[in-house]
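# Survey of secondary and tertiary structure
What follows is the residue order along each chain.
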Amino acid sequence: MIRYSRLLLYFTIVVLLLWILPWMYNFLTARANKTPFTLYSSVIDDYAVLQPSDKGVVRKDLGGNVYSESEFDSILPMFYYRQLIADGRLPERMKGVELNPKVIQTENFIFRHSPDESNRPVIGLYPLLESSSGRVDLVMPEDVFHIDNDCIEFIDIKSNCVDEKKSQLFTKALQKKGFIFPARIIAGNPTTRKDYDEGYLLTDKENNLFHMKQVVGRSFVRKIDIPEGIVINHIFLTEFKNRKILAFLTDKQNRLYVLLTKSYRLISLPVTQFDPTRQSISVIGNLFDWTINISDDNGDEYYAIDARDYGLLKRMERPNNTVSLSEKIGGYIFPVRLTFTSLKDKWVKARFASGGFN
Amino acid sequence: MLKPILYKEWIKTRWYFLLAILVSIGFTGYSLLRVNRVIGLKGMEHLWQVMLERDVIFIDLQMYIPLIIGILLAIVQFVPEIQQSRLKLTLHLPYPHYRIIAVMLLYGILVLLVCFVFNFIFMSVYFIGILAGELVKHILMTALTWYIAGFTGYLLTAWICLEPTWKRRILNIVIAVCVLRVFFLSAVPEAYNSFLPVLIGYTSLTVLLSMLSVYRFKTGQQD
Amino acid sequence: MYMESVIECKNLTHYYGKRLIYENLSFSVPQGRILGLLGKNGTGKTTTINILSGYLRPRSGECLVFGENVQTMNPARRRDIGLLIEGHVQYTFMNISQIEKFYSQFYPKWNKDAYYELMEKLKVAPGQRISRMSCGQRSQVALGLILAQNPELLVLDDFSLGLDPGYRRLFIEYLHEYAKAENKTVFLTSHIIQDMERLIDDCIILDYGKILIQQPVSTLLDNLRRFTFTVPEGYSWQIADDKFYHPSLIRNHIETYAFLKQEDVEQELREMQVPYTELKCENVNLEDAFIGLTGKY
């Protein structure tokens, strides 16, 4: 027995050293590694880059042209429109479109998602807001729903009891549209801090896509036809101001799609791939174009997309080749490392890594 | 020979046991009171909403309580054994050495179990009345990590207390602190779900470490 | 039953780190004898007791009790060994009835009356915790528990520590009467040697690294004598004879110890051509004998 006790002690020490020593090394040597702010400009048809350097911020494009601060504002008029308005420099028209603050504001959006938002504990209870209450402000409902193996159930918060009537109503509505329980994905933004509510997008047992919301106390369910062979894997309901798109989606092959609001058309975006469980995404959109940035350990990929037809305008890559000497050395000193947490998820578990630091 | 050993442990720790129950119930009661106040001031909807939207579980106050209870139990139980080498008396009993220690540790684990289960039931009963099953599970699974840390803290502290030399004892303390740190790496509720079996398994194994300390005592390791 | 010797230690060698405590130490304790282990601080008394009670594994050699190696002894065999640890340490968080109830369940031969007989003399309330008792009272509790356990062998580590003379005397008298009446074997140490004289049959005197003598106390006291004599002023006497233990010269008086009769000493001194006068020969007590044999330093 004492042999096993000793073994356990040695095992414990080794595990702790594999964890703590690389951590300390990293803590002492790591330096912040910031990617420069990059945005596509429909004015110059190129990417505009804000690069921090020793002499302050350098503003340039991929062609090597350097811009002053106010020049930079004007090549990104949709992004810096408030500055341009303040300077009285906002053009009246651009690409044939009449510009005014309201239009710009409505069409601008920013969407971000990082892996740790997908990889985290899920409670499995969802508030379904009233989408057209007739009031301007959204309010949180007095119930929440969960989807079981054979029905959707609404639980009244005050009484902590199932609202049988409402549950049946929605269960029947879903079944009528061909929903096969249980749900695989339940995606929505259950918050009142948005302009309007689109309820939830769901996929069922057979990976069919559905849109469900509550309209004037009644159920609204719609089955969304998606091309054969596409298996939806992640859904991000957008609820942007302009109401043009309903959601971003990815499929099992990590292809990125956009789902349009009115037509429920699923459009494949010209993005090589996006895996929400290990890559971060940001989409900065405006009247004319979207800049999609997909980043992971290997670097950043940028896709400029035409906001009208979702075609690719320009693509660029910024590989992460800035592995520092200390990171390389660290990889040799600590060929095997242990961590319990990760920036890519919210779980605590043992993860062993080998090779260079990143 | 189980009975007299348990009897001795009981006499040593009964007041502490009572105190541990009272204090832990006090903290649990206070957390539940805070929940009650949120309900009273802002309504049940607000409570659920905050839990769902902001991932608040309202019992964070209890995070370190099981750990502290576990560590103190080991101190109350094992420090009198090592003071003045009193362990010699215990190991002189006509009963196998490691089995004596195992029974003592078993007693401690039972005491903690009673104390923790009491709290768990208290919380469950309260929360089941006002929250959906998912939220109750969310709270209890989060708390479970802290309660397991209580057992680990107990067993590691027993190991530290029984160790006969100070040099080694300090090393043990450093190791124990690092091991216990693992239980508190994330404030995200339910972050440990998939890791809990590993933590429970490791915690059960740490019973072995106390045996190593006793072995070192028996072979006469000293400062 | 078992071998004649209740305790048999063979070739014990022990170091603390690199410091040698003793090498190849061997001794045995026959059944029914009370043996005292005497030695100055640092000669390994506690080491020996620890090895003997199984709380120290010697670097080499082995210690048998009832013919079994103490390190691997069958746990049930410990019923026959009563252990008093230094300072009469007991479970001080118990009171006298709790501790009796606790121990009684381990020992089939438990003699409850022997314990309570002693406790009655203490005038303590049954509910009083041992931690609240005086050192003397605690020693009686520890003794009472050993007597109730009724073991064949008693191992007592420094039983006189912290006791005032009355309790020391009480302890000794009880122990002696008990051991003799029940034919028990006792192995003990004490730093107060006067106490031992009333109690022990045999003694082992430890010097640094070895056993100086092991013999019955009566034999020791019969044969060891103190000799004092006067030498001329300025005379320096080099010890050239191992028959004389620790001769010391203060002014012109020499004091030494030897296992010799007066006439033999005179003969030796004459042979060594020592100009002695006023030779005195005295019988000694155990403390004198101990100091004589181990020296004052």
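Every residue gets a number counted from 1 within its own chain, in the order that chain's sequence is written. Going through the entries in the order they are written, you letter the chains from A and number the ligands from 1. Predicted model: local features are reported for residues with pLDDT of at least 70 only, side-chain atom pairs are reported and counted for 80 or more only, and whole-chain, interface and lining totals are derived from all residues. Side-chain descriptors were evaluated using all non-hydrogen atoms of the structure, hydrogens and water having been removed beforehand.

## Some remarks on the overall build of chain B
For clarity, the threshold we go by: Elements are defined by DSSP. Helices are runs of H or I of four residues or more, strands are runs of E of two residues or more, and each kind is numbered from the N terminus. Contacts are residue-level and defined by heavy atoms, with any inter-residue pair within 4.5 Å sufficient. When charges are counted, Lys and Arg contribute as positive and Asp and Glu as negative, whereas His and the chain ends are disregarded. Where a charge sits is defined by one atom per residue type, namely NZ (Lys), CZ (Arg), CG (Asp) or CD (Glu).
Of the regular secondary structure elements, chain B holds nine helices and zero strands. Along chain B, from the amino end to the carboxyl end, the secondary structure elements read α-α-α-α-α-α-α-α-α. With respect to the principal axes defined by its C-alpha atoms, chain B has extents near 65 × 30 × 25 Å. Of the contacts formed within chain B by residues at least 6 apart in sequence, a portion of 82% connects residues at least 24 apart. Once the 18 positive and 10 negative side-chain charges of chain B are each reduced to a mean point, those two points are 15 Å apart.

## Re the sheet that holds strand E1 (residues 37-41) of chain A
All names here are of chain A. Rules: Each pair of strands is called paired provided DSSP finds at least two bridges between the two strands.
Strand order across the open sheet formed by four strands is E1-E2-E3-E4, with antiparallel pairing between neighbours. Pairing within the sheet leaves two strands with one partner each, and these edge strands are E1 and strand E4 (66-67). Strand direction decides the pairing type here: strand E3 (residues 56-61) and E4, joined by two bridges, are antiparallel. What sits directly across from Arg59, in E4, is Tyr67.

## Here we look at empty space enclosed by the protein
We count it as follows: Detection works on a 1 Å grid of protein atoms alone, calling trapped sets that fit a 1.4 Å probe cavities and calling open sets with protein on both sides within 12 Å along at least five of seven lines pockets, with lining residues defined by an atom within 4 Å of a point. Grid points are joined across faces, edges and corners, and a volume is the space filled by probe spheres set on the points. In this count, Pro and Cys sit with the nonpolar residues alongside Ala, Val, Leu, Ile, Met, Phe, Trp and Tyr, while Asp, Glu, Lys and Arg are called charged and the others, Gly among them, polar.
For the coordinates displayed, the defined rule picks out three cavities of 30 Å³ or more. Considered as a void within the structure, the largest cavity measures approximately 130 Å³ in volume. Looking at the lining of the largest cavity, the elements that each hand over two or more residues are helix H4 (87-92) of chain B together with helix H4 (135-149) of chain C. Looking at which element gives the most residues to the lining of the largest cavity, the answer is H4 of chain C, with four residues. Taken together, the residues that form the lining of the largest cavity break down as nine nonpolar, three polar and no charged. Taken as a whole, the second largest cavity encloses approximately 40 Å³ of empty space. Lining the second largest cavity are Pro127, Met140, Pro141, Asp143, Val144 and Ile157 of chain A together with Glu45, Trp48, Gln49 and Leu52 of chain B. Within the residue set of the lining of the second largest cavity, elements represented by two or more residues are strand E8 (143-147) of chain A together with helix H2 (44-54) of chain B. In terms of residue count, H2 of chain B provides more of the lining of the second largest cavity than any other element does, four residues in total. For the lining of the second largest cavity, a count of residues per class yields seven nonpolar, one polar and two charged.

## Quick word on the UniProt feature "transmembrane region" (unreviewed entry) in chain B
As a reminder, the rule being used: UniProt positions are given in the numbering used here, feature names are shortened, and annotations may be inferred rather than shown by experiment.
Feature annotation in UniProt places "transmembrane region" (unreviewed entry) on residues 15-36, 56-79, 100-133, 139-162, 169-188 and 194-215 of chain B, given in this structure's numbering. Between the C-alpha atoms that bound residues 139-162 of chain B the distance is 35 Å, and the span itself is 100% helix and 0% strand.

## Re the packing of aromatic side chains
The criterion, for reference: Classification of ring pairs uses Phe, Tyr and Trp, with its six-membered ring standing for Trp, and accepts pairs whose centres are within 6.5 Å; under 30 degrees between planes counts as stacked, over 60 as edge-to-face, and the remaining range as tilted. Working definition: with a 1.4 Å probe on protein chains only, accessible area under 20% of the residue-type maximum means buried, over 50% means exposed, and in between means partly exposed. Consider the ring centre and the ring normal. A charge sits over the ring if Lys NZ or Arg CZ is within 6 Å of that centre and within 35 degrees of that normal.
Scanning the entire structure with this criterion turns up 43 aromatic pairs over all chains. A centroid spacing of 5.9 Å and a plane angle of 20° characterise the contact between Tyr107 of chain C and Trp110 of chain C, whose relative ring orientation is stacked. Looking at Tyr107 of chain C, the relative accessible area reads 4%, which means it is buried. We classify Trp110 of chain C as buried; its relative accessible area is 15%. Cation over ring: Arg3 of chain A sits above Tyr4 of chain A, and NZ or CZ is 5.7 Å from the ring centre. Over the face of the ring belonging to Trp166 of chain B we find Arg169 of chain B, whose NZ or CZ atom lies 4.4 Å from the ring centre.

## Some points on the arrangement of the chains
Counting contacts across all two pairs of chains that touch, the top-ranked interface belongs to chains A and B. There is no contact between chain A and chain C; across them, the least C-alpha separation is 14 Å.

## Focus on the domain arrangement of chain A
Inclusion rule: Throughout the structure description, domain borders are defined by an automatic or database domain assignment.
Along its sequence, chain A is organised into domain 1 (2-31 + 324-354), domain 2 (32-108 + 286-321) and domain 3 (114-281). When each unit is reduced to the centre of its C-alpha atoms, the spacing between domain 1 of chain A and domain 2 of chain A is 40 Å.

## Structural notes on a negative patch on the surface
All names here are of chain C. Counted only if it meets this: Excluding any residue in a salt bridge, patches collect residues exceeding 30% relative accessible area, merging like charges within 9 Å and nonpolar Val, Leu, Ile, Met, Phe, Trp and Tyr side chains within 5 Å. Working definition of accessibility: Shrake-Rupley area with a 1.4 Å probe, residue cover restricted to the visible protein chains. What makes a salt bridge here is a side-chain nitrogen of Lys or Arg within 4 Å of a carboxyl oxygen of Asp or Glu, nothing more.
Residues Asp113, Glu117, Glu120, Glu173 and Glu177 make up a contiguous surface patch of negative charge. At three residues, helix H3 (residues 112-120) tops the list of elements feeding residues into the negative patch. Within the secondary structure layout, Glu177 lies in helix H5 (residues 165-182).

## Details of the interface of chain C and chain B
Many structure descriptions define interface size as the accessible area lost when the parts assemble. Just so we agree on the cut-off: Once two parts are joined, some of their accessible surface, as seen by a 1.4 Å probe, is lost; buried area is that loss totalled over both. Contacts described as polar in this section are N or O atom pairs within 3.5 Å, which, within protein, must combine one atom able to donate a hydrogen with one able to accept it, while residues neighboring in sequence count only if both atoms come from side chains.
Residue-level contacts link 28 residues of chain C with 30 residues of chain B. In total, about 2900 Å² of surface goes out of reach between chain C and chain B, with carbon and sulfur atoms giving 63% of it. It is Tyr55, Arg78 and Phe106 of chain C that lose the most area in chain C upon contact with chain B, and together they represent 26% of the buried surface on that side. Where chain C meets chain B, there are zero salt bridges. On inspection of chain C and its partner chain B, the count reaches 16 residue pairs in polar contact (both at pLDDT 80 or more). Mapped by element, the contributors of at least two residues to the side of chain C that touches chain B are strand E6 (81-84) and helix H2 (96-104) of chain C. Here the side of chain C that touches chain B gets four residues from one element, more than from any other, and that element is H2 of chain C. Taken together, the residues of the side of chain C that touches chain B break down into 16 nonpolar, eight polar and four charged.

## A closer look at the side chain of Asn160 of chain A
Among the structural elements, Asn160 of chain A can be located in the loop between strand E9 (152-156) and strand E10 (161-162). On the basis of relative accessible area, Asn160 of chain A is assigned to the buried category, the value being 16%. There is a polar contact of 3.0 Å between the side chain of Asn160 of chain A and the backbone oxygen of Ile128 of chain B. Apart from residues no more than four positions distant in its own chain, Asn160 of chain A is found in contact with Ile155 of chain A together with Trp48, Ile128, Gly129, Ile130, Leu131 and Ala132 of chain B.

## A word on the interface of chain A and chain B
Counting residues at the interface gives 37 residues for chain A and 42 residues for chain B. Across the chain A/chain B interface, buried area totals approximately 3400 Å², and carbon plus sulfur atoms make up 74% of it. One can count three salt bridges joining chain A with chain B. Taking the shortest distance from any N to any O, the salt bridge between Asp55 of chain B and Arg120 of chain A comes out at 2.7 Å. The interface formed by chain A and chain B contains eleven residue pairs in polar contact (both at pLDDT 80 or more). Looking at the side of chain A that touches chain B, the elements with two or more residues in it are helix H1 (2-29) and E8 of chain A. Looking at the side of chain A that touches chain B element by element, the count peaks at eleven residues for H1 of chain A.

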